[in-house]
Amino acid sequence: MSRIWSAGRLTYLALTLTAFLSIFPIYWMFVVASRTSDAMGQVPPPVTPGGNLGANIARLFENTDAYFLTGLINSAIVAGTVTVSVVFFSTLAGFAFAKLRFRGRNALLLTIVATMMVPTQLGVIPLYMLMTKLNWNDRLPAVIVPALVTGFGVFMMRQYAGQAVSTELIEAARMDGCNTARIYWNVVLPALRPAAAVLGLLTFMTTWNDFLWPYAVLNDPENPTVQLSLRALSDGYYQDMSQVFTGTAIATLPLLLVFIVFGRQIIGGIMEGAVKA
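Keep in mind that what you see is a predicted model, and the values were worked out from it rather than measured.

With respect to the overall build of the protein
Here is step 1: When helices and strands are counted, the protein shows 14 helices and 0 strands.
Here is step 2: Seen in sequence order, the protein has helices and strands lined up from the N terminus as α-α-α-α-α-α-α-α-α-α-α-α-α-α.
Here is step 3: Taken along its principal axes, the extent of the C-alpha atoms in the protein is 70 × 65 × 30 Å.
Here is step 4: Of the contacts made within the protein by residues no fewer than 6 positions apart, 74% connect residues no fewer than 24 positions apart.
Here is step 5: Roughly 16,900 Å² of accessible area belongs to the protein as shown, and the carbon and sulfur atoms make up 67% of that amount.

Some words on the side chain of Ser-229
Here is step 1: If you trace the backbone, Ser-229 turns up in helix α13 (residues 226-234).
Here is step 2: Filtering out sequence-adjacent residues up to four positions away, Ser-229 remains in contact with Ala-66, Tyr-67, Phe-68, Gly-71 and Pro-224.

Quick notes on unusual backbone geometry
Here is step 1: Even without a glycine there, the phi angle at Asn-135 is positive, about 60°.
Here is step 2: Structurally, Asn-135 is set in the loop between α6 (124-133) and α7 (141-144).
Here is step 3: Even without glycine at this site, Asp-138 takes up a positive phi of about 65°.
Here is step 4: Inspection of the secondary structure puts Asp-138 in the loop between α6 and α7.

Looking at the nonpolar core
Here is step 1: One finds Val-78, Val-143, Trp-213 and Val-217 to be the most contacted residues of the largest nonpolar core, which totals 17 residues.
Here is step 2: Elements with a contribution of two residues or more to this core: α4 (68-99), α6, α7, α8 (151-164), α11 (193-209) and α12 (212-217).
Here is step 3: Excluding anything up to four places from it in sequence, Val-217 contacts Tyr-128, Met-131, Asn-137, Asp-138, Ala-142 and Val-143.
Here is step 4: Among the nonpolar cores identified, the runner-up in size contains 16 residues, and Leu-72, Ala-79, Phe-204 and Ala-251 belong to it.

Brief notes about the UniProt feature "transmembrane region" (unreviewed entry) in the protein
Here is step 1: As annotated by UniProt and renumbered to match this structure, "transmembrane region" (unreviewed entry) occupies residues 12-30, 66-95, 107-128, 140-157, 183-205 and 244-262.
Here is step 2: As a span, residues 66-95 carries 93% helix and 0% strand, and end to end its C-alpha atoms are 43 Å apart.
Here is step 3: Helix makes up 96% of residues 183-205 and strand 0%. Its end C-alpha atoms lie 30 Å apart.

A few points about the pattern of salt bridges
Here is step 1: For the structure on display, the rule yields 2 salt bridges.
Here is step 2: For the salt bridge of Asp-240 with Arg-59, the shortest nitrogen-to-oxygen distance reads 2.6 Å. In this pair, Asp-240 sits in the loop between α13 and α14 (241-276) while Arg-59 sits in helix α3 (residues 53-62), placing the two residues 181 residues apart along the sequence.
Here is step 3: Residue classification places Asp-240 among the buried positions, given a relative accessible area of 15%.
Here is step 4: Residue Asp-235 is joined to Arg-231 by a salt bridge in which the shortest nitrogen-to-oxygen separation is 3.3 Å.
Here is step 5: Since its relative accessible area comes to 37%, Asp-235 is described here as partly exposed.

Comments concerning the packing of α4 against α13
Here is step 1: With their axes 7 Å apart at the nearest point, α4 and α13 run at an angle of 155° to one another. In terms of axis orientation, α4 runs roughly antiparallel to α13. Of α13, the residues touching α4 (which contributes Phe-68, Gly-71, Leu-72 and Ser-75) are Val-226, Ser-229, Leu-230 and Leu-233.
Here is step 2: Tallied by class, the residues present in the contact of α4 with α13 amount to 5 nonpolar, 3 polar and no charged.

Points about the side chain of Lys-99
Here is step 1: Here Lys-99 is to be found in helix α4.
Here is step 2: Separated by 2.9 Å, the side chain of Lys-99 and the backbone oxygen of Val-165 make a polar contact.
Here is step 3: When neighbours within four sequence positions are excluded, Lys-99 is seen to be in contact with Ala-161, Gly-162, Val-165, Thr-167 and Ile-170.

Structural notes on the environment of Thr-91
Here is step 1: On the secondary structure map, Thr-91 appears in helix α4.
Here is step 2: Taking the C-alpha atoms as reference points, Thr-91 and Tyr-160, 69 residues apart in sequence, are found 9.5 Å from one another.
Here is step 3: Those residues in contact with Thr-91, other than ones at most four positions away along the chain, are Met-157, Tyr-184, Leu-189, Leu-192 and Ala-196.
Here is step 4: Reaching out from Thr-91, the side chain makes a polar contact with the backbone oxygen of Val-87 at a distance of 2.7 Å.

Re a nonpolar patch on the surface
Here is step 1: Where nonpolar side chains cluster on the molecular surface, the patch consists of Leu-17, Phe-20, Leu-21, Ile-23, Phe-24, Tyr-27 and Val-47 and spans about 680 Å² of accessible area.
Here is step 2: Along the polypeptide, Ile-23 turns up in helix α2 (residues 9-33).
Here is step 3: The class for Ile-23 is exposed, based on a relative accessible area of 54%.

Rules behind the numbers
Residues numbered from 1 in each chain as written. Predicted model: local features only at pLDDT ≥ 70, side-chain atom pairs only at ≥ 80, totals over all residues. Heavy atoms only, no water. Helix = DSSP H or I, 4+ residues; strand = E, 2+ residues; numbered from the N terminus. Contact = heavy atoms within 4.5 Å. Areas by Shrake-Rupley, 256 points an atom, 1.4 Å probe, with all protein chains shown as cover. Core = buried A, V, L, I, M, F, W, Y, C linked by side-chain atoms within 4.5 Å. Buried < 20%, exposed > 50% of the residue type's maximum accessible area, 1.4 Å probe, protein only. UniProt positions renumbered as here; feature names shortened; annotations may be inferred. Salt bridge = Lys/Arg side-chain N within 4 Å of Asp/Glu carboxyl O. Axes fitted to C-alpha atoms, helices over the stretch in contact; angles between N-to-C directions. Parallel < 35°, antiparallel > 145°, perpendicular 65-115°, else oblique. Nonpolar A, V, L, I, M, F, W, Y, C, P; charged D, E, K, R; others polar. Polar contact = N/O pair within 3.5 Å; in protein donor to acceptor, adjacent residues only side chain to side chain. Patch = residues over 30% accessible without salt bridge, like charges linked within 9 Å, V, L, I, M, F, W, Y side chains within 5 Å.

The following block contains the structure:
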């Protein structure tokens, strides 16, 4: 049995190659961000960091065409608000669909699943018209509100809650006098923590990297998200690639931080479930 679980040299070689191919583009992005734009055309390309990172960052934040600092702040507000909302409402609805009995439950769940089959691009025009009616164009609520709840999140939490939350535990909590809200907060939510961490990670990354909808609804160049700021950096006949790579590197750092934080929660939840099993 020990031979089945032991990793051979070929396995380590494949893992090393995969890790290298995954990490090197990110590393080289930081290398170019620390050099001048001439590094893009050097043969062979440089593989060690330069000494211009501070100057590139200063020029990036002084660029009046990109409003990069505003883009970072706006993206943090949008992605953070959407992530918290999606995780909260998805876990709440997932618990209701999985463990509560009420009229029309299956029909509502089917409707939510059906929304996942509609391409996002088909909803851009009517959603843009709605934002215009609400006078939300060029404002962050136009980016935040449509993404506060997702059908994927509700369906994912419903499937996980059906297996992770024991019906007997809920009944025992009711016998102890807990109402539905307290059962959700003290019993269900801790059990859904691993799946909620995965959903939070996916939601934050998707919202942070979203370009299409903010590009459609935020027309004010002084109020962009970070992706719109990166687009402004790459516009024009002449592109300062050192600024583009510097902005991309800075925009990637929050994603790496969130991945590290939520990754620990995911691994901890998986290991906790394995020990209980």
